[in-house]
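# Observations on chain architecture
What follows is each chain in one-letter form.
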Protein chains: 2
Amino acid sequence: MKNAVRIVVAAAVIVSALPAMAQFQKPEDAVKYRQASFTVMAAHFGRIGAMVQGKVPFDAKAAQDNAALVETMSKLPWAGFGADTESVASKAKPEIWKEKAKFDQSNEKLLAAATALNTAAKSGNLDTIKKAFGETAATCKACHDDYRAK
Amino acid sequence: MKNAVRIVVAAAVIVSALPAMAQFQKPEDAVKYRQASFTVMAAHFGRIGAMVQGKVPFDAKAAQDNAALVETMSKLPWAGFGADTESVASKAKPEIWKEKAKFDQSNEKLLAAATALNTAAKSGNLDTIKKAFGETAATCKACHDDYRAK
């Protein structure tokens, strides 16, 4: 009983510090969230990159784990590009909101590429992974070129 | 063919900006990664919290999606607490590295709670989710109390 009370109090304390709405409490939270999602995605994508480039030995299991995470993370950042985030300082270019449909298409290309990378990773074949990795990296670069300030 | 060349060049450009080692190129990258993982985890945990607290209507599918992400994210930050990150400025207390085994146990409690929360979310029962949410929040709070500076 005492434990139950403690748990409820702990939950209340924790949650009061978190986004309480379906999405984000304020635009800054959305920007922080999308940047965090990109950071986690990039870290795991980079680990596959290191194998693809021969910088670390190929480890089929690690490639699979990282590719699964890349696919999961690839779905997340976009919720953080709401119209109310345009005025928050970041590397995001105004073109994102000027041509939102084109930006969304760009994101969908990443999603498709990340899904293909995850499938490729399951093959356990480094050449297959290499090709899917390159195609995924190309979608990152295309979007960065158009929509991220240097 | 031209496309293939473009893809390889794009891959090289992208990857050069990413962690190339199995883990992290420098301690600061590890700290950024662990903080980003916590940010993403907290955002999705908070969305379940909003439902549990009645701030937003209960949506069983959204609860499931968010709980699956919380479980996935709960596994990630710990790789970013390597011994070489102790000297990087952050809210992480030195106790983390002084009593690493106890800290690891603390993390395992979160992992178990997040797995239970994911299972609870699949039940579609708000009371079941509420209980699992509270228990997960308690593991967050316990670890923050011990290992995170105010």
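The structure we're discussing is the one just above.
Residues numbered from 1 in each chain as written. Chains lettered and ligands numbered in written order. Predicted model: local features only at pLDDT ≥ 70, side-chain atom pairs only at ≥ 80, totals over all residues. Heavy atoms only, no water.

## Overview of the overall build of chain A
Scanning chain A from N- to C-terminus turns up 6 helices and 0 strands. Residue pairs in contact within chain A that sit at least 24 positions apart in sequence constitute 72% of those at least 6 positions apart. Here chain A has roughly 7600 Å² of accessible surface; of this, 58% comes from carbon and sulfur atoms. (Helix = DSSP H or I, 4+ residues; strand = E, 2+ residues; numbered from the N terminus. Contact = heavy atoms within 4.5 Å. Areas by Shrake-Rupley, 256 points an atom, 1.4 Å probe, with all protein chains shown as cover.)

## Re the side chain of B:T39
Looking at the element boundaries, B:T39 is found in helix α2 (residues 27-52). Overall, B:T39 belongs to the buried group, its relative accessible area being 16%. The residues contacting B:T39, other than those within four sequence positions of it, are A:K32, A:Y33 and A:A36. (Buried < 20%, exposed > 50% of the residue type's maximum accessible area, 1.4 Å probe, protein only.)

## Side note on the state of the cysteines
Formally, a disulfide is one covalent bond, and it connects the sulfur atom of one cysteine to the sulfur atom of another. Evaluation of the coordinates by the stated rule reveals 0 disulfides over all chains. Free cysteine B:C140: the closest other cysteine sulfur is in B:C143, separated by 8.6 Å. (Disulfide = S-S within 2.5 Å.)

## A few points about the packing of helix α5 (residues 100-123) of chain A against helix α6 (residues 126-147) of chain A
Residue and element names in this part refer to chain A. Put simply, α5 and α6 touch, their axes get as near as 8 Å, and they point 165° apart. Taken together, the axis directions place α5 and α6 in an arrangement best described as roughly antiparallel. The crossing of α5 and α6 is left-handed. When its residues are assigned to classes, the contact of α5 with α6 shows 14 nonpolar, 6 polar and 4 charged. (Axes fitted to C-alpha atoms, helices over the stretch in contact; angles between N-to-C directions. Parallel < 35°, antiparallel > 145°, perpendicular 65-115°, else oblique. Left-handed = near helix turned anticlockwise from the far one by under 90°. Nonpolar A, V, L, I, M, F, W, Y, C, P; charged D, E, K, R; others polar.)

## Brief notes about the environment of B:T85
All names here are of chain B. Its location among the elements puts T85 in the loop between α3 (60-74) and α4 (95-98). Between the C-alpha atom of T85 and that of C143, which follows or precedes it by 58 residues, the distance is 18 Å. T85 has contacts with P27, A30, V31, R34, G80 and W97, leaving out every residue within four places of it along the chain.

## Looking at the pattern of salt bridges
For side chains bearing opposite charge, pairing can occur when the charged atoms are close. According to the stated counting rule, one finds 12 salt bridges over all chains in the structure shown. Across the salt bridge formed by A:K141 and A:D145, the nearest N and O atoms sit 2.6 Å from each other. Pair noted here: A:K141 and A:D145 are both in helix α6, with a separation of 4 residues, about one helical turn. Classification of A:D145 as partly exposed rests on a relative accessible area of 38%. Between B:D104 and B:K100 there is a salt bridge; the shortest N-O distance is 3.2 Å. Highlighted residues: B:D104 and B:K100, both in helix α5 (residues 100-123), separated by 4 residues, approximately one helical turn. With a relative accessible area of 30%, B:K100 lands in the partly exposed category. (Salt bridge = Lys/Arg side-chain N within 4 Å of Asp/Glu carboxyl O.)

## As for α6(A)
A rise of 1.5 Å per residue sets the reference length of α6(A), with its 22 residues, at 32 Å; its end C-alpha atoms lie 31 Å apart and thus fit the reference within 8%. Where α6(A) begins, the capping side chain belongs to A:N125, and its oxygen is found 2.9 Å from the backbone nitrogen of A:D127. (Expected span 1.5 Å × (residues − 1). Polar contact = N/O pair within 3.5 Å; in protein donor to acceptor, adjacent residues only side chain to side chain.)

## A closer look at the packing of aromatic side chains
For the structure shown, the criterion picks out 18 aromatic pairs over all chains. Geometrically, the ring pair formed by A:W78 and A:F81 is stacked, given 5.9 Å between the ring centres and 20° between the ring planes. Neither residue differs from the other here; A:W78 and A:F81 are each classed as buried. Plain terms: the ring middles of A:F81 and A:W97 are 6.3 Å apart, the flat faces sit at 45° to each other, and that makes the pair tilted. Here A:F81 is found in the loop between α3 (60-74) and α4 (95-98), whereas its partner A:W97 is found in helix α4, with 16 residues between them in sequence. Taking relative accessible area as the criterion, A:F81 reaches 6% and is therefore assigned buried. Through pairs of rings, three or more aromatic residues link up here, namely A:F38, A:W78, A:F81, A:W97, A:F103 and A:Y147. Lying across the ring of B:Y33, A:R47 places its NZ or CZ 5.4 Å from the centre. (Phe/Tyr/Trp six-rings, centres within 6.5 Å; stacked < 30°, edge-to-face > 60°. Lys NZ or Arg CZ within 6 Å of the ring centre and 35° of its normal.)

## Details of the side chain of B:S74
Residue and element names in this part refer to chain B. Examined against the element boundaries, S74 turns out to sit in helix α3. Residue class for S74 comes out buried when judged on its relative accessible area of 0%. Other than its neighbours up to four places away in sequence, S74 contacts M41, L110, L111 and A114.

## Here's the deal with the packing of helix α2 (residues 27-52) of chain A against α2(B)
Here α2(A) crosses α2(B) at 125°, and the two axes come no closer than 8 Å. By the angle between their axes, α2(A) is oblique relative to α2(B). As α2(A) runs across α2(B), the sense of the crossing is left-handed. Counted together, A:K32, A:Y33, A:A36, A:S37, A:T39, A:V40, A:A43, A:H44 and A:R47 of α2(A) and B:K32, B:Y33, B:A36, B:S37, B:T39, B:V40, B:A43, B:H44 and B:R47 of α2(B) form the full contact between these two elements. Looking at the contact of α2(A) with α2(B) residue by residue, the classes come out as 8 nonpolar, 6 polar and 4 charged.

None of the figures reported here should be taken as evidence of function without further support.
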